[in-house]
Amino acid sequence: MPRPEFQAPPDVFYNESEARKYTTSSRIIEIQSRISERALELLALPNDGVPKLLLDIGCGSGLSGETLTEHGHHWIGYDISKSMLDVALERETEGDLLLADMGQGLGLRPGVIDGAISISAVQWLCNADKSSHDPRARLKAFFGSLYRCLARGARVVLQFYADNVKQSEMIVTFAMRAGFAGGVVVDWPHSSKAKKSYLVLTCGPPSINTSLPKGKGENGEMCSDDDDESSDEDGDRTVGIYERNRAKKKQKTKKNGKGKDWLLKKKEQMRRRGHDVPADTKYTGRKRKSYF
Amino acid sequence: MRLLTHNMLASNVRGATTGYPLKLEASNWCTKEVELNADFIRGLLPKIDWRALVAATRALGLPDLLPDEQPPEEEIFAKGAADVEGSAIRRIHHALLEIHVQQGSLTCPDTNRSFPIDKGIPNMMLHEDEV
Ligand SMILES: C[S@@+](CC[C@H](N)C(=O)[O-])C[C@H]1O[C@@H](n2cnc3c(N)ncnc32)[C@H](O)[C@@H]1O
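In this report, we go over the structure that sits alongside the text. (Residues numbered from 1 in each chain as written. Chains lettered and ligands numbered in written order. Predicted model: local features only at pLDDT ≥ 70, side-chain atom pairs only at ≥ 80, totals over all residues. Heavy atoms only, no water.)

A few words now on the overall build of chain A. Regarding its fold elements, chain A presents 9 helices and 7 strands. Buried residues in chain A amount to 53% of all 292 residues. When the accessible area of chain A is evaluated, it comes to approximately 14,500 Å², of which 51% is carbon and sulfur surface. (Helix = DSSP H or I, 4+ residues; strand = E, 2+ residues; numbered from the N terminus. Buried < 20%, exposed > 50% of the residue type's maximum accessible area, 1.4 Å probe, protein only. Areas by Shrake-Rupley, 256 points an atom, 1.4 Å probe, with all protein chains shown as cover.)

In structure tokens form, the structure reads like this:
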């Protein structure tokens, strides 16, 4: 099965049954809370015991936010899937919830938020789920609004699953353009399954405090996850963990192919999503002779 | 939606200048007790738009919960104030964190676009042509 981002837009993919399946899988609950704990650690909030006002972007059913609550913080959660938020309500999540699309900007007053996390969500912004969606414009709106609503010096930690290096670079580029300083911390880089990327950002110009923390397992030690054979494949898929054998998309082709215009449009679309696409030449989409 | 969130939220619909404060209307709201943390309120208060907070409490039909002007910090954070029924800090805490708007709407002051609140969740989704 392909990763969720390739199947349907998030508000469609996370429908009622998927939202429930997601939140009742003990494997997912465990993975998400472990990632959230790590994100909170990387957020490096002052160790003064004072609760902070945080954001959880793509909060879903509240699994990631629960970690923030456990640490005593208040949070506002954003999600585009009503079904996921309904499950969050059922679970009596402590955070305040908003039905909103992060790609449209966060809509908050400037400088009021103490920090933000986002767990397994921002890769969705690289998709163009509607013809009017331009991933670049949406990344720009998202990071721009995020930067503005944070107090100076506040941090953001976004754990994400990029499809390829280009996508990851695209996300980082738009964060930097918005004014953030920081970079990607990779935990367990040598493990196909446990590997996790965290974009760690600081609001404001680089300072001594903005040096990037080290990833876990950088020196080659493996995460215990790798020996875990009992893993719930289904769960991995729902969260968006790299799958090993992605099914090929079914090709629907007309008898005469789709024509050059269609191909050029498709290539442009793929480029906008950050994929590596060969340049257009006079050979692109040309008719091919048939040989017997 | 807590009034804390209302106080931070602005509309970013196309054509809005600040989109703030969102006009609150509520047909149903409830309260849920939360432990008071004076340090949290202390950090938060400078970021609170007092007038918007007062307007929100009045929109809920609570004319006496908060005064027009923010009381001085010495009064709010006076020793032992948190233990005194009806003290400024208790009222502020109650207004920001214990009131939940369940049903109602938020209206953008610049464009009059209204965002419904259903089961406590504001729907801030914009249509394609509003982005
Ligand atoms: C894998 S879930 C993670 C949920 C939660 N953070 C957790 O750790 O359990 C990804 C979430 O991102 C949300 N999402 C995807 N695109 C979004 C967007 N543009 N705006 C807001 N939320 C979005 C999805 O609806 C989904 O709930």
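Additional details are given in the paragraphs that follow.
With that out of the way, let us pick up the side chain of A:Ser197. Within the fold, A:Ser197 resides in strand 7 (residues 196-203). Those residues in contact with A:Ser197 that lie beyond four places of it in its chain are A:Leu158, A:Gln159, A:Phe160, A:Val184, A:Val185 and A:Val186. (Contact = heavy atoms within 4.5 Å.)

Residues and elements named next belong to chain A. Across the sheet, which stays open at both edges, the 7 strands sit in the order 3-2-1-4-5-7-6 with mixed pairing between neighbours. The open sheet is flanked by strand 3 (96-99) and strand 6 (180-187), the only strands paired with a single partner. Neighbouring strand axes in the sheet, compared pairwise and without regard to direction, differ in orientation by 15° on average. On the sheet, helix 7 (residues 165-177) packs against strand 5 (150-160), strand 6 and strand 7 and is oriented at approximately 150° with respect to strand 6. (Pairing = 2+ DSSP bridges. Axes fitted to C-alpha atoms, helices over the stretch in contact; angles between N-to-C directions.)

This paragraph deals with the environment of B:Ile41. Residues and elements named next belong to chain B. Counting through the fold element by element, isoleucine 41 comes out in helix 2 (residues 38-44). With relative accessibility at 0%, the residue isoleucine 41 sits in the buried group. In sequence terms isoleucine 41 and isoleucine 89 are 48 residues apart; their C-alpha atoms lie 8.0 Å from each other. Apart from the residues lying within four places of it in its own chain, the contact partners of isoleucine 41 are Phe77, Ile89, Ile92 and His93.

Attention shifts here to the site of the ligand. All names here are of chain A. Around the ligand there are 22 residues in total, and Tyr22, Gln32, Gly58, Asp79 and Asp101 lie nearest to it. Taking serine 64, its side chain carries an N or O atom lying 2.9 Å from a nitrogen atom of the ligand. Contact between the ligand and aspartate 79: an oxygen atom at 2.6 Å from a side-chain N or O atom of the residue. In the complex, the protein chains occlude 100% of the 600 Å² of accessible area that the ligand would expose alone. Residues of the shell around the ligand, tallied by class, amount to 13 nonpolar, 6 polar and 3 charged. (Near = heavy atom within 4 Å. Polar contact = N/O pair within 3.5 Å; in protein donor to acceptor, adjacent residues only side chain to side chain. Nonpolar A, V, L, I, M, F, W, Y, C, P; charged D, E, K, R; others polar.)

In terms of nonpolar packing, the biggest core is built from 75 residues, with A:Leu55, A:Leu106, A:Phe142, A:Phe143 and A:Leu146 touching the most fellow members. If near-sequence neighbours (up to four positions away) are discounted, A:Phe143 is found in contact with A:Leu158, A:Ile171, A:Phe174, A:Ala175, A:Ala178, A:Phe180, A:Leu199 and A:Leu201. A:Leu40, A:Leu42, A:Tyr198 and B:Ile121 belong to the second largest nonpolar core, which has 22 residues in total. (Core = buried A, V, L, I, M, F, W, Y, C linked by side-chain atoms within 4.5 Å.)

As a further point, take the packing of aromatic side chains. All names here are of chain A. Summed over the entire model, instances satisfying the criterion amount to 7 aromatic pairs over all chains. Pairing phenylalanine 13 with tyrosine 14 gives two aromatic rings, centres 4.9 Å apart and planes at 90°, and the pair type is edge-to-face. For the residue pair phenylalanine 13 and tyrosine 14, the accessibility class agrees, reading buried in each case. For the ring pair phenylalanine 143 and phenylalanine 180, a centre distance of 6.4 Å and an interplane angle of 75° mean the geometry is edge-to-face. Placement of phenylalanine 143 in helix 6 (residues 135-149) and of phenylalanine 180 in strand 6 is noted, with a sequence separation of 37 residues between them. On the basis of relative accessible area, phenylalanine 143 is assigned to the buried category, the value being 0%. Accessibility expressed as a relative area gives 3% for phenylalanine 180, which makes it buried. Clustering of aromatic rings is evident, with ring pairs tying together Phe13, Tyr14, Tyr22 and Trp124. (Phe/Tyr/Trp six-rings, centres within 6.5 Å; stacked < 30°, edge-to-face > 60°.)

Moving on: the sheet that holds strand 3 (residues 114-118) of chain B. All names here are of chain B. As summarised here, the arrangement of the 4 strands in space is 1-2-3-4, forming an open sheet in which the pairing is antiparallel. The outermost strands of the open sheet, each flanked by one partner alone, are strand 1 (23-31) and strand 4 (121-122). Alignment of strand 1 against strand 2 (residues 99-107), held across 8 bridges, turns out to be antiparallel. Bridging across to strand 2, asparagine 28 finds its partner in glutamine 103.

A few words now on helix 5 (residues 88-98) of chain B. The α-helix winds at 3.6 residues per turn, so residues separated by three or four positions along the chain end up facing the same way. The buried count for helix 5 of chain B comes to 8 of 11 residues, which makes it a mostly enclosed element. Burial in helix 5 of chain B covers these residues: B:Ala88, B:Ile89, B:Ile92, B:His93, B:Ala95, B:Leu96, B:Leu97 and B:Glu98.

The next subject is helix 6 of chain A. Taking 1.5 Å as the rise per residue, helix 6 of chain A with 15 residues should run 21 Å; its terminal C-alpha atoms sit 21 Å apart, in good agreement. Among the residues of helix 6 of chain A, those classed as buried are A:Pro135, A:Arg138, A:Leu139, A:Phe142, A:Phe143, A:Gly144, A:Ser145, A:Leu146, A:Tyr147 and A:Cys149. (Expected span 1.5 Å × (residues − 1).)

Moving on: the interface of chain B and chain A. Each side of the interface is counted separately: chain B has 31 residues, and chain A has 32 residues. With both chains or domains summed, chain B and chain A bury close to 2,600 Å², and 57% of this area falls on carbon and sulfur atoms. Among the residues of chain B in contact with chain A, B:Met8, B:Lys47 and B:Ile121 are the three that bury the most area, contributing 23% of the side total. In this structure, the connection of chain B to chain A is made through 5 salt bridges. Where chain B packs against chain A, one counts 15 residue pairs in polar contact (both at pLDDT 80 or more). Elements represented by at least two residues in the side of chain B that touches chain A include exactly helix 1 (3-8), helix 2 and strand 4 of chain B. With 4 residues, the single largest contributor to the side of chain B that touches chain A is helix 1 of chain B. (Buried area = accessible area lost by both parts, 1.4 Å probe. Salt bridge = Lys/Arg side-chain N within 4 Å of Asp/Glu carboxyl O.)

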